[in-house]
Amino acid sequence: LDVDNKGNLWIGTDNEGVFVLNLKNKLFSKFEFKKSKNCTFSTNNIDQVYFDSEQNLWICQNGYLLKYDFNLKSFITFEAQKLNERYINENNVCFITEDKDKNFWIGSFGCGIYCLNKQQNIFQVYTRIPETTCGLRDNSVNAFAEYRKSIIIGLDVAGLQIFNPEKGLFTNFKTEEFGKTHMW
């Protein structure tokens, strides 16, 4: 769910794509997907609908990250494997958010975190490094929340971490009280 600057609620669904609710007149409409040469649609399963600070529409859909161009009325597909050759056969994007510095934090299922620094136009990839305890604990990232100058990370089965981008440090939380559960 997300609300655009015109007062419309955008709703992602399991099998029916995206619906838009005009919050003023309470009318629903279905947002129609149109295929383009720059976009891959695999299903109408929508994981997340998100508007960034510039009112660009982003949709996480069955592992793909799609950005909608309202002028061209078409989507462009962001392909995670082009950023991280270790995961060449996977497109597993499931969550996106933007921090106050306008960096995009993109979580994936199995491929770690991608961070786009828009000012420098640089992607940084954070993945779990086996046999170390000081980095990302799980490559399956379900959610982010910004807190002060850090990013709180909800991991699939490895609990919570806080990442300080300025220092490059991950802080682990003891999450025994949650058990082995998925977080978002």
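Being a predicted model, the structure only gives us computed values, none of them experimental.

A few words on the overall build of the chain. The secondary structure content of the chain amounts to zero helices and 16 strands. Burial analysis of the chain (184 residues in total) assigns 47% to the buried set. With an accessible surface of roughly 10,800 Å², the chain has 51% of that area assigned to carbon and sulfur atoms.

This part takes up the sheet that holds strand β2 (residues 8-12). Read across the sheet, four strands follow the order β1-β2-β3-β4 without closing on themselves; strand pairing throughout is antiparallel. Whereas interior strands pair on both sides, the edge strands pair on one side only; in this sheet they are β1 (2-3) and β4 (27-31).

Our focus in this paragraph is the sheet that holds strand β16 (residues 169-172). Reading across from one edge, β13-β14-β15-β16 is the order of the four strands in this open sheet, with antiparallel pairing throughout. Strands at the two margins of the open sheet, each flanked by one partner only, are β13 (141-147) and β16. Shown here is a sheet whose adjacent strand axes are inclined to one another by a mean of 25 degrees, direction ignored. Direction of pairing for strand β15 (residues 160-164) relative to β16: antiparallel, over a ladder of four bridges. Looking at the pairing, Gln161 lines up with Asn172 of β16.

On to the side chain of Asn103, then. Within the secondary structure, Asn103 is located in the loop between β9 (93-98) and β10 (104-108). For Asn103, a relative accessible area of 13% puts it in the buried group. Not counting chain neighbours up to four residues away, the residues in contact with Asn103 comprise Thr97, Glu98, Cys115, Leu116, Asn117 and Lys118.

A positive phi is found at Gln55, a non-glycine position, where the angle reads about 65 degrees. Within the secondary structure, Gln55 is located in the loop between β5 (48-51) and β6 (57-61). Non-glycine residue Lys102 carries a positive phi angle of around 70 degrees. Position of Lys102 among the secondary structure elements: in the loop between β9 and β10.

Bringing the environment of Cys111 into the picture now. Of note, Cys111 is situated in the loop between β10 and β11 (113-117). Taking the C-alpha atoms as reference points, Cys111 and Asp138, separated by 27 residues in sequence, lie 9.0 Å from one another.

According to the stated counting rule, one finds 15 aromatic pairs in the structure shown. Aromatic side chains Trp105 and Phe144 sit 6.3 Å apart centroid to centroid with 55 degrees between the ring planes, which places their arrangement in the tilted category. With Trp105 in strand β10 and Phe144 in strand β13, the pair connects residues that are 39 residues apart, well separated along the chain. There is no split in this pair, since Trp105 and Phe144 are both buried.

What follows concerns the environment of Phe104. By the secondary structure assignment, Phe104 is in strand β10. When the C-alpha positions of Phe104 and Phe123 are compared, they lie 9.3 Å apart, and in sequence the two are 19 residues distant. Aside from chain neighbours lying at most four places away, what touches Phe104 is Tyr50, Asp52, Trp58, Ile96, Thr97, Glu98, Tyr114, Cys115, Leu116 and Lys118.

What follows covers the pattern of salt bridges. Tallied over the full model, the rule gives two salt bridges. With a closest N to O distance of 3.7 Å, Lys30 and Glu16 form a salt bridge. With Lys30 in strand β4 and Glu16 in the loop between β2 and β3 (18-22), this pair connects stretches of sequence that are 14 residues apart. For Glu16, a relative accessible area of 43% puts it in the partly exposed group. The salt bridge involving Lys100 is made with Glu146; its shortest N-O contact spans 3.6 Å.

Rules behind the numbers
Residues numbered from 1 in each chain as written. Predicted model: local features only at pLDDT ≥ 70, side-chain atom pairs only at ≥ 80, totals over all residues. Heavy atoms only, no water. Helix = DSSP H or I, 4+ residues; strand = E, 2+ residues; numbered from the N terminus. Buried < 20%, exposed > 50% of the residue type's maximum accessible area, 1.4 Å probe, protein only. Areas by Shrake-Rupley, 256 points an atom, 1.4 Å probe, with all protein chains shown as cover. Pairing = 2+ DSSP bridges. Axes fitted to C-alpha atoms, helices over the stretch in contact; angles between N-to-C directions. Contact = heavy atoms within 4.5 Å. Phe/Tyr/Trp six-rings, centres within 6.5 Å; stacked < 30°, edge-to-face > 60°. Salt bridge = Lys/Arg side-chain N within 4 Å of Asp/Glu carboxyl O.

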